[in-house]
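Each chain, written out:
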Amino acid sequence: MATSKKRKIGFVVAACLLAVFFAVGFTLSLHDLVLDKTISLDSGWQATFHDRTYRLESLESFRHQFQDVKRGDSLVLSKTLPSNLTHYSAVWMRIYTSAFDVFIGNEKIYTMGWKQIKSDKLVGSGCHRIELPSGWMGNTLTIKLHASQSSSFDILPKVSLHPNELYGSPFREVKLTPTLCVACFMGIFGILMIVGGV
């Protein structure tokens, strides 16, 4: 009887270790796939706020505190897109507490959050995948942000280019990877508690 229990416990532990190995392998492969085919658009931007223009070396590391930001104020970010790419058909953005419009050249291709601004509601942060029109290469990408609160421009957007086959992958990298790790841990912990209780 004792030997049978030991075998069952050994089987459960082995299954748990296999699940952990699979989850870690899946997470790492997803992360590598996203990084291999992602083109970061972090550098080379120009920002315009209250008629003053700033050259930004990096969106991610830029921490200038724009003064006197009021609800509805605009911050315009612009950058020339690469002209030698193929199969990259979407831009991905993480925007913080701002309504925004996106332009390729003079063509508006996306807008979000204006209803909340006009109805005096808070605009949340979020990830956006925006399809690029044909002939986008070499044109200027412009993001016009509209503040919903005084701290809206404290953190600038994260922007990158993605091919069609990675549809949704930035969201999975940001949200699914940690969720999967926590779910695996809780599942394994629960199984071990059940085995311990038995």
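Before going further, it helps to spend a moment on the overall build of the protein chain. When you go through the protein chain residue by residue, the secondary structure sums to 3 helices and 10 strands. N-terminal to C-terminal, the α/β element order of the protein chain is α-β-β-β-β-β-β-β-α-β-β-β-α. The buried share of the protein chain, taken over its 198 residues, is 34%. Counted over contacts in the protein chain with a minimum sequence separation of 6, partners at least 24 positions apart contribute 79%. Counting every atom, the protein chain has about 12000 Å² of accessible surface; 60% of that belongs to carbon and sulfur.

Both faces of the sheet carry side chains from a regular strand, because those side chains alternate between them. In this sheet, strand E7 (residues 107-112) lies alongside strand E6 (residues 98-104) in antiparallel orientation, the contact comprising 5 bridges. In the strand pairing of E7, Ile 104 is matched with Glu 107. Turn length for the E6-E7 hairpin, with the two strands adjacent in sequence and antiparallel, is 2 residues, and the turn residue Gly 105 shows positive phi of about 65 degrees.

Glancing now at the pattern of salt bridges. Considering all chains together, one arrives at 2 salt bridges under this definition. In this structure, the salt-bridge partner of Lys 108 is Asp 101, at a minimum N-O distance of 3.9 Å. Under the relative-accessibility criterion, Asp 101 is labelled buried at 4%. The salt bridge partner of Glu 131 is Arg 129, with a shortest N-O separation of 2.3 Å. Judged by its relative accessible area of 44%, Glu 131 is partly exposed.

What counts and how
Once a new chain begins, its residue numbering starts again from 1 and follows that chain's sequence as written. Thresholds applied to this predicted model are a pLDDT of at least 70 for local features of residues and 80 or more for the giving and counting of side-chain atom pairs; totals over whole chains, interfaces and linings are not thresholded and use all residues. Only heavy atoms go into the side-chain values, all of them from the structure, while hydrogens and water stay out. Helix and strand definitions here come from DSSP, where helices need a minimum of 4 consecutive H or I residues and strands a minimum of 2 consecutive E residues; each element is numbered from the N-terminal end. Here's how the labels work: a residue is buried when its accessible area is under 20% of the maximum for its type, exposed when over 50%, partly exposed in between, all with a 1.4 Å probe on protein chains only. What makes two residues a contact is simply this: any of their non-hydrogen atoms within 4.5 Å. Accessibility throughout is a Shrake-Rupley quantity obtained with a 1.4 Å probe, and a residue counts as covered only by protein chains that appear here. For two strands to be treated as a pair, DSSP must find at least two bridges joining them. What makes a salt bridge here is a side-chain nitrogen of Lys or Arg within 4 Å of a carboxyl oxygen of Asp or Glu, nothing more.

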